[in-house]
There are 2 protein chains.
Amino acid sequence: MEISNQDADFLKFYSDKEYEKPSVTIDAVIFRIVNKEADNYRRLPEKQLQVLLIKRQNLPFLNLYALPGTFLNLQNELSQTLKLCVNDKVGLKDYYFEQLFTFGEKSRDPRTRVLSVSYMLLTNGNDNINGEWFDIDIKDKITLSQEKKYGFLRKKQVNLILTNQNQNIKLQNLINVSFEKVNLEEKKVTEIQKTDLAFDHIKMIYYATERLKNKLEYTDIIFNLLPQNFSLTELKQSYEVILREKLLDANFRRKIAKMVSPTDNFLTGKGFRSSRLYEHNPLWTFSNLV
Amino acid sequence: MEISNQDADFLKFYSDKEYEKPSVTIDAVIFRIVNKEADNYRRLPEKQLQVLLIKRQNLPFLNLYALPGTFLNLQNELSQTLKLCVNDKVGLKDYYFEQLFTFGEKSRDPRTRVLSVSYMLLTNGNDNINGEWFDIDIKDKITLSQEKKYGFLRKKQVNLILTNQNQNIKLQNLINVSFEKVNLEEKKVTEIQKTDLAFDHIKMIYYATERLKNKLEYTDIIFNLLPQNFSLTELKQSYEVILREKLLDANFRRKIAKMVSPTDNFLTGKGFRSSRLYEHNPLWTFSNLV
DNA sequence: CAAATAGTGTCTGTAAGACATTATTCG
DNA sequence: CGAATAATGTCTTACAGACACTATTTG
């Protein structure tokens, strides 16, 4: 963008000091998928979606778990800030990321007015990183479902339990979601009822799980959570753990056939029939998304 | 969220004055759909998607057209700020809105570092409002399409022409989009090549048109752009103008049948067969979205 | 009646859902 | 061989795409 002469003159004397400004942070919701311990060596391990949390070393919320995040440095772009943060605080290098949502509620930070631009990150590595991985277990319960004249009101309570197996930590969180629609007016409210996390970070995690779930349907985003080579059962399990529902094998294979290519590798020595490994076919998007 | 005693002590002495903070604005991309002038009284008018722009009264970019927007007041929530802005600067009361994206590029505002949380708004009224409606005409041209080892690179140039018929103003804008995917790494870059608008507002408008287009498929968002009663042809035309493609009549009617209910009203006296008017059936979402 | 839009019917092909069946590997 | 998973086959139903056809209104 060019700057006019008039603008150049104006900018010489421009000062932003007279306005009160909010602080801005970025926060990262980092997901990975791992194998659960199988209860029997001849059984296939199940998959588990995990999120990375770091125990806070500072006030406020000292010693509570939180998402990795940092204040925005004015010299850096938003995505640069994200990268620096994830690199410095977590030590993670390879990941997919996208902007999730900007949270700006007045009450979300007790210090002062802080906006947070949140990001969703997906990784497939199990690099040795700083922070703890927590299993994500989500259960939702419809608490109210009402049809109204020309619309409806629906409320649900979402129970998010985050568990760290190593340290035997269990974080309990409750979110209330209400969705009301009357004619054209619709109002969706998401409120934290109870959280064991710092700030409103559980809300960010919830938003990210929903975003991930929705994007499974129309993108190939899931491959960012898988290793280069994977069996179709692993791929199916990964879908299931994100969608939180079981899929039928034959149908699943037909559906994702175009998105993957077979390799010559097999996963073998598992106590049952070995499976062919596949890789992602990145050309799939070509006709669909761009 | 409760605040611990330790946090309470900490907060007494907390000051955020030592950090440099960015300015934060909100910007509103407001869409509506109107009838184009028909060239013949016996023909059906076509639909046109429009966006609301306001001529800037201040430096920088004095006299250029821009989206309605305002600086965030720390006393207000983000959505409150949006509502106040749209009410004060535009005079619009009834609309659907959702957060679009947070733009934070260092160079996006010549004054200082300014983040903008952008919103997409949809209205069906033709209230007497402040600002000018501009027809949106988008043409994209693929400039490069390359298959690579395990991925592809694709570039397109998007030409956005915004036209105000009353004042005979034509704003020319070019955006370059490049999308590269190699294995798991994907990089999408959107750059303004030329714009007649202030700031990066044309980018916001482009993002919003894409968001709107995508959401047509899986939501009933379109009804926010239509009057209470509408003919199925009007509904189809509205889809077409957003999707930028023609639809087949019979198929369209089958597809949207569940989302609408017939009324007893007819649109008549038009020089051809009159059409039944329908209304949105907001219960449709029930089984799908919530 | 002509012109234009409104609205219906139908054929085809594709894909999802459900479920049955066969194949392979390991102990 | 038995247990478990891997992989394929098939029947049904739903729906999108294409296109032909009928109906209605107005000048």
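Scroll up to find the structure this text is about.
The shown structure was predicted, so the numbers you read here are calculated from the model rather than taken from an experiment.

**Examining the relation of the copies chain B and chain A**
Superposing chain B onto chain A requires a rotation of 180° together with a translation of 0.0 Å along the rotation axis, leaving an RMSD of 0.0 Å. In short, the pair behaves as if placed about a two-fold rotation axis. When the interface residues of chain B are mapped onto chain A, 100% of them again lie at the interface, so the same face is used by both copies.

**Quick word on the protein's contact with DNA strand D**
Around DNA strand D lies a shell of 24 residues, among which Arg42, Thr233 and Ala250 of chain A together with Arg42 and Arg273 of chain B are the nearest. Restricting the count to atoms of DNA strand D within 4 Å of the protein gives a sugar and phosphate share of 52%. In this structure, Arg42 of chain B approaches DNA strand D through a side-chain N or O atom, which is 2.7 Å from a base oxygen. Of all the secondary structure elements, the ones that give two or more residues to the surface near DNA strand D are α5 (249-256) and β13 (275-280) of chain A together with α5 (249-256) of chain B. Among the residues making up the surface near DNA strand D, the classes are represented as seven nonpolar, eight polar and nine charged.

**Looking at the pattern of salt bridges**
The final tally for this structure, using the stated rule, is 36 salt bridges over all chains. A salt bridge links Asp140 of chain A to Arg244 of chain A; its shortest N-O distance comes to 4.0 Å. One end of the pair, Asp140 of chain A, is in strand β7 (residues 132-148); the other, Arg244 of chain A, is in the loop between α4 (232-243) and α5, and 104 residues separate them in sequence. The salt bridge partner of Lys236 of chain B is Glu240 of chain B, with a shortest N-O separation of 3.4 Å. Taken together, the positions of Lys236 of chain B and Glu240 of chain B, both in helix α4 (residues 232-243) and four residues apart, correspond to about one turn of that helix. Using a relative accessible area of 13% as the deciding quantity, one classes Lys236 of chain B as buried. Exposure remark for Glu240 of chain B: the relative accessible area of 9% places this residue in the buried category.

**Comments concerning empty space enclosed by the protein**
Per the counting criterion, the structure on display carries one cavity of 30 Å³ or more. Looking at the largest cavity, its volume works out to about 110 Å³. The wall of the largest cavity is formed by Tyr150, Asn183 and Leu184 of chain A together with Phe223, Leu226, Pro227, Gln228, Phe230, Glu279, His280 and Pro282 of chain B. Its residues placed into classes, the lining of the largest cavity shows seven nonpolar, three polar and one charged.

What counts and how
- Residues numbered from 1 in each chain as written.
- Chains lettered and ligands numbered in written order.
- Predicted model: local features only at pLDDT ≥ 70, side-chain atom pairs only at ≥ 80, totals over all residues.
- Heavy atoms only, no water.
- Least-squares fit on C-alpha atoms with pLDDT ≥ 70 in both.
- Contact = heavy atoms within 4.5 Å.
- Near = heavy atom within 4 Å.
- Polar contact = N/O pair within 3.5 Å; in protein donor to acceptor, adjacent residues only side chain to side chain.
- Helix = DSSP H or I, 4+ residues; strand = E, 2+ residues; numbered from the N terminus.
- Nonpolar A, V, L, I, M, F, W, Y, C, P; charged D, E, K, R; others polar.
- Salt bridge = Lys/Arg side-chain N within 4 Å of Asp/Glu carboxyl O.
- Buried < 20%, exposed > 50% of the residue type's maximum accessible area, 1.4 Å probe, protein only.
- 1 Å grid on protein atoms, 1.4 Å probe; cavity = no way out; pocket = protein on both sides within 12 Å on 5 of 7 lines; lining within 4 Å.
- Points joined across faces, edges and corners; volume = space filled by probe spheres on them.

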